[in-house]
Amino acid sequence: MLTPMASSSVSLNCNFLNNSRGSLHQDSPFCAPLRSLLNSPSNAFPKRRLNCKGRFRGVRVVKASVGAAESEVVRDRTVREGGKILRVGIICGGPSPERGISLNSARSVLDHIQGDDLHVSCYYIDCNFKAYAISNAQVYSNTPADFDFKLESLAQGFKSLSDFVDHLATSVDIVFPVIHGRFGEDGGIQELLEKSNIPFVGTPSNECRKAFDKHEASLELDKQGFITVPSFPVQGRELEETELSKWFTKNNLDIKQGKVVVKPTRAGSSIGVTVAYGVTDALTKANAIISEGIDDKVLVEIFLEGGREFTTIILDVGSGLGCQPVALLPTEVELQSQGRVDSSEKDIIFNYRRKYLPTQQVAYHTPPRFPETVTRNIREGASLLFQQLGLRDFARIDGWFLPPSAETSYLTGNKFGRSEFGTILFTDINLISGMEQTSFLFQQASKVGFSHSNILRTVIQRACLRFPNLHEYSVVSSPLLRAKSSQINTSFPKHQDLRKVFVIFGGDTSERQVSLMSGTNVWLNLQAFDDLEVIPCLLAPTNEHSLNTDSDKTKLGESSKIVWTLPYSIVLRHTTEEVLDACIEAIEPARAALTSHLRKQVMDELMEGLKKHDWFRGFDISDDLPKRYSLDQWVQQAKEVGATVFIAVHGGIGEDGTLQSLLEAEGVPHTGPGVRASKTCMDKVATSLALQHLEGSGVLTITKDVRRKEDLLKMPLLDIWHDLTSKLGCETLCVKPARDGCSTGVARLRCDGDLAVYVKALENCLPRIPPNSLSKAHGVIEMPFPPPEFLIFEPFIETDEIIVSGNAHNLLWKGNSRWVEITVGVIGKRGSMRSLTPSVTVKESGDILSLEEKFQGGTGINLTPPPLSIISNEALEKCKEHIELIANTLELEGFSRIDAFVNVDSGEVLIIEVNTVPGMTPSTVLIHQALAEEPPVYPHRFFRTLLDLAYERSP
């Protein structure tokens, strides 16, 4: 999808458009909003199929307000059968750069704790420490910037933090803070709550302050008898260069080239962490952290050469004020520098990007591939540290394991962590661990039998036990306990009550990591329904190093493709390659036996504490192994058990009609459009040809020029550039693969030099074009692998820049060209597709919206619905009519996403592309648009609607 953002006023050049003589068919239907689809008798769900495990209440809040919250308080004081309803307040946001991750965590907590015994209210603190009551729907925004500028009109602001706390004291029973970094983990929010005697989940303020400061925590660990990494604090003093030089010498580091890690002491999860060489470089990078305002105190630490990083979640299963910590199975963090990694990244560290965004540079192993004694010592040490530091409820502790071969002469003393197998060091304490869908909390919890809901509810109930006034509440850990086996059980009779759903994701395209996020999100949301058995399935990536072109993949044939059915814990990964590696590792006999052995140990320790509580219903994730099928065998399995397939494979066989053809040949119902529509929309040229007759009906297409990759490599690039700009009648071009997903390999080219950079990336099979490689500043450009055989060149359409100022809550748009870019979902049956409310897309850097900005929570900005200051309601309705015309002309069905430019005055649309398997990540615009309906359609309902549309059209 394009996001051209030029501040100059540039009118749309009609020479860029395909000519057409076609007209709108008189009987083409214009469709009603999504609510008509959901509420009409023909599409209403039978009650049995709407049974939702008692977890989702369908709360509808257009504007959050104190008054509304108070009315909810009155309603929720009612006593349900078995106890009172617990009112939980989730607080997210904060001033830290991790506020976007905080929003993701809040969304995940909201998704998984709701139920008849809980009422959840959401609150947001902006970077200026102003607090707001926000609707649950707002939590699904992609970033805080998505709604910062709308807060004054859509949320209830509090005059001060004191007023906010007064509100909490009467509106919630317990607070669940999910603010990461400053104000969330440094004791700030905890101190506010303590002063008003408001119960909260997690560690008290004083203990938070000590543990959050990395320097103070290191001193405390040393005092408690743990080995620590030698460090030097930097605070910008004049004498520090001399002092730091002495520290280098003391630790046998070369003053000019000694390798160290430089990091803020109080900036949370990997923010600002970097590698430095020598005293001068270390001080330069430390002062940069200070000058950028990340922190005013920085640590310089020895780089642990040869070490292996780990992290472990600790869960308190004690009673009352007593602490009984149990460390879950640790995760080994393997940093990988081999393969197609940028050569500029010679120092691989577990920084913020690798922690939260999909990357093949990191792999996780749970349990770690350490000697069993080391794993046991890590768990023992982490539990001991949790208790000695006065932590509460849950936390995450990071550290390093140094094998005997590693250099450890700078580590002195005979403290906890030394053994014949190596040395264990604990380095970072995370008081509010990330709670995104695939976070360490859920990875490790699922390994020992907890679902997302079960672990979160267990944490909340444990926190309640520390507050006498909350003892009367009983929040069951798993509302309707049913061991979730994520495997195909061929012994099930065909007409068993539980409907089988296969959610398939992965594949070979550059969008496979987004596909994993989409599939995981769909699978978790459909878990809410107790009439479904939802099986996650990985379409395994092919060995990409053996493939050089798109045609090589085709030659392999679909019969060679492999599908794995996955157990719960293996799904929770960041990349498809990691999922595949975990499958292979899990079925290795020795590894499987070790994991089962360690799992039992941890579960036994957990039950020692949890068995004392009648609210704990038991573990709800079974200990399954993954299973391997050929694609043909998998389709047959789907047929035999009567499954509906939810397709979440982006690009490749997921969108080109191949997978749809295989399923339809066996009569297996699937989500999304059929074979013909999928083939047409996957080919961007074919899409334009299918729509070019609609010009007279307000639907415009862009002229395209298709070139073979081989021709680009052989011919003089200057000649190609002149030929393209002459034929297309423009000065700048947009290039994109002819048959690949949105944003992959899409770039703006301003000159033949830019074309040369792009062609060189194709020739060298680069995984990405680094930032600012072209003539104008831009972000990372992810490239398809293997390189495409055909590329499309088209005029770059300029629009006016939209600026969202998060700090000022302002939206700025000049509106000179009168065109903006939108993306919009369509849903329904063939011939009667309905348009959701479009979203205006805003890029954060460069001219093209990146994959991350589109799909990864915490990045990117989408304005849903479009502000009236940009487009009127009349033009918006006309735009939706045109979108529906496009959808029905292309014979779309189920759901799809259409990207286009819209004229804000006339509602005319200029089509960019159609995605028949759009992104379904937790923060995708489809979720925003469903929530913008009246009443809001929450994610679990939305995905259930898409599933039932597929089921209803089954043969």
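Notes on the structure in this doc start here. This one's a predicted model, so the numbers in the text were calculated from it and none came from an experiment.

Conventions we followed
- Residues numbered from 1 in each chain as written.
- Predicted model: local features only at pLDDT ≥ 70, side-chain atom pairs only at ≥ 80, totals over all residues.
- Heavy atoms only, no water.
- Helix = DSSP H or I, 4+ residues; strand = E, 2+ residues; numbered from the N terminus.
- Buried < 20%, exposed > 50% of the residue type's maximum accessible area, 1.4 Å probe, protein only.
- Contact = heavy atoms within 4.5 Å.
- Areas by Shrake-Rupley, 256 points an atom, 1.4 Å probe, with all protein chains shown as cover.
- Arc of directions from axis to C-beta.
- Expected span 1.5 Å × (residues − 1).
- Salt bridge = Lys/Arg side-chain N within 4 Å of Asp/Glu carboxyl O.

What follows concerns the overall build of the chain. Counting secondary structure elements, the chain contains 31 helices and 38 strands. Expressed as a percentage of its 955 residues, the buried residues of the chain come to 64%. The contacts in the chain between residues at least 6 apart in sequence include a share of 76% that link residues at least 24 apart. Accessible surface for the chain amounts to roughly 33600 Å². Of this, 50% is attributable to carbon and sulfur atoms.

A word on helix α22 (residues 658–665). When α22 is considered as a whole, its buried residues turn out to be L659, Q660 and L663. Angular distribution of buried residues about the axis of α22 spans 100°; they occupy a single face of the element. Backbone geometry just downstream of α22 places G667 in the positive-phi region, at approximately 75°.

Residue P367 follows T366 across a cis peptide bond; omega there is 0°. Of note, the bond from T864 into P865 is cis; its omega dihedral lies within 30 degrees of zero at -10°. Topologically, P865 is positioned in the loop between β36 (861–863) and α29 (873–889). Its identity is not glycine, yet R818 carries a phi of approximately 70°, on the positive side. By the secondary structure assignment, R818 is in the loop between β32 (810–813) and β33 (819–828).

Let's shift gears to helix α26 (residues 717–728). Relative to the 16 Å expected for twelve residues at 1.5 Å per residue, α26 spans 16 Å between its end C-alpha atoms, a close match to the ideal helical length. Looking at the packing, one finds that the buried side of α26 touches β25 (705–708), α25 (709–714), β26 (733–737), β27 (747–749), α27 (752–763) and β30 (790–795). Just past α26, the residue G729 takes up positive phi, approximately 65°.

Further remarks concern the environment of E292. Note on placement: E292 falls in the loop between α11 (278–291) and β11 (298–302). Between the alpha carbons of E292 and G272 there is a distance of 9.7 Å; along the sequence they are 20 residues apart.

With respect to the helices and strands, L299 occurs in strand β11. For the pair L299 and S231, spaced 68 residues apart in sequence, the C-alpha to C-alpha distance is 6.3 Å. The residues touching L299, leaving out its near neighbours within four places in the chain, are K214, H215, S231, F232, P233, V261, V262, K263 and T265.

This part is about the pattern of salt bridges. Scanning the entire structure with this criterion turns up 49 salt bridges. E332 is paired through a salt bridge with R308; the nearest N and O atoms lie 3.4 Å apart. Residue E332 is found in strand β14 (residues 331–335), and its partner R308 is found in strand β12 (residues 308–316); the two are separated by 24 residues along the sequence. Here R462 and D316 are joined by a salt bridge, their closest N and O atoms 3.2 Å apart. Of this pair, R462 sits in helix α15 (residues 452–464) while D316 sits in strand β12; the two residues are 146 residues apart in sequence, bridging distant segments of the chain. Residue classification places R462 among the buried positions, given a relative accessible area of 2%.

From the geometry alone we can't say anything about function, so treat these as descriptive.
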